Amino acid sequence: QVQLVESGGGLVQPGGSLRLSCAASGSIFSIYVMGWYRQAPGKQRELVATITKSGSTNYVDSVKGRFTISRDNAKNTMYLQMNSLKPEDTAVYYCNTSPYAISGYWGQGTQVTVSS
């Protein structure tokens, strides 16, 4: 049973940076396209960034130029570097497969709060 554990969230001021990590218990990064999702209060979960097995990346328009997704297959870990954070980036961030998330892989997520 694969487990995904997100970490690295916190409270940051607008314009600040955070680096999120997603650690997997198995070698799923070499099998699946992976993605970072987020869910803000009262909103649906959205996919914000994806990375393929070969390292190709894609981003939702709202985070392009500010977020960078990366992966380290040897460490079974994926990252999301978030710069120039805005209050609208406030959400719980999750990692999972993409474009279709596997329901059994959802972790607890990590809370990101952008506020002055």
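Residues numbered from 1 in each chain as written. Predicted model: local features only at pLDDT ≥ 70, side-chain atom pairs only at ≥ 80, totals over all residues. Heavy atoms only, no water.

K.L.:
Help me out: how do you make sense of the overall build of the chain in this one?
P.N.:
Helix and strand content of the chain: zero helices and 10 strands. Ordering the α and β elements of the chain from the N terminus gives β-β-β-β-β-β-β-β-β-β. Taking the principal axes of the C-alpha coordinates as reference, the chain spans close to 40 × 25 × 20 Å. For the chain, buried positions account for 44% of its 116 residues. Restricting to contacts in the chain with at least 6 residues of sequence separation, those with at least 24 account for 54%. (Helix = DSSP H or I, 4+ residues; strand = E, 2+ residues; numbered from the N terminus. Buried < 20%, exposed > 50% of the residue type's maximum accessible area, 1.4 Å probe, protein only. Contact = heavy atoms within 4.5 Å.)

K.L.:
Honestly, the packing of aromatic side chains in this entry has me stumped. Any pointers?
P.N.:
We describe a pair of aromatic rings using the distance from one ring centre to the other and the angle between the two ring planes. As enumerated under the stated definition, the model contains three aromatic pairs in all. Plain terms: the ring middles of Tyr 94 and Trp 106 are 5.7 Å apart, the flat faces sit at 80° to each other, and that makes the pair edge-to-face. One end of the pair, Tyr 94, is in strand S9 (residues 91-97); the other, Trp 106, is in the loop between S9 and strand S10 (110-114), and 12 residues separate them in sequence. Of the residues examined, Trp 106 reaches a relative accessible area of 28% and is grouped as partly exposed. Three or more aromatic residues joined by ring pairs form one cluster here, namely Tyr 37, Tyr 94 and Trp 106. Between Arg 19 and the ring centre of Tyr 79, over which it is positioned, the NZ or CZ distance is 3.9 Å. Here Arg 45 stacks its cationic end above the ring of Tyr 94, 4.2 Å away from the centre of that ring. (Phe/Tyr/Trp six-rings, centres within 6.5 Å; stacked < 30°, edge-to-face > 60°. Lys NZ or Arg CZ within 6 Å of the ring centre and 35° of its normal.)

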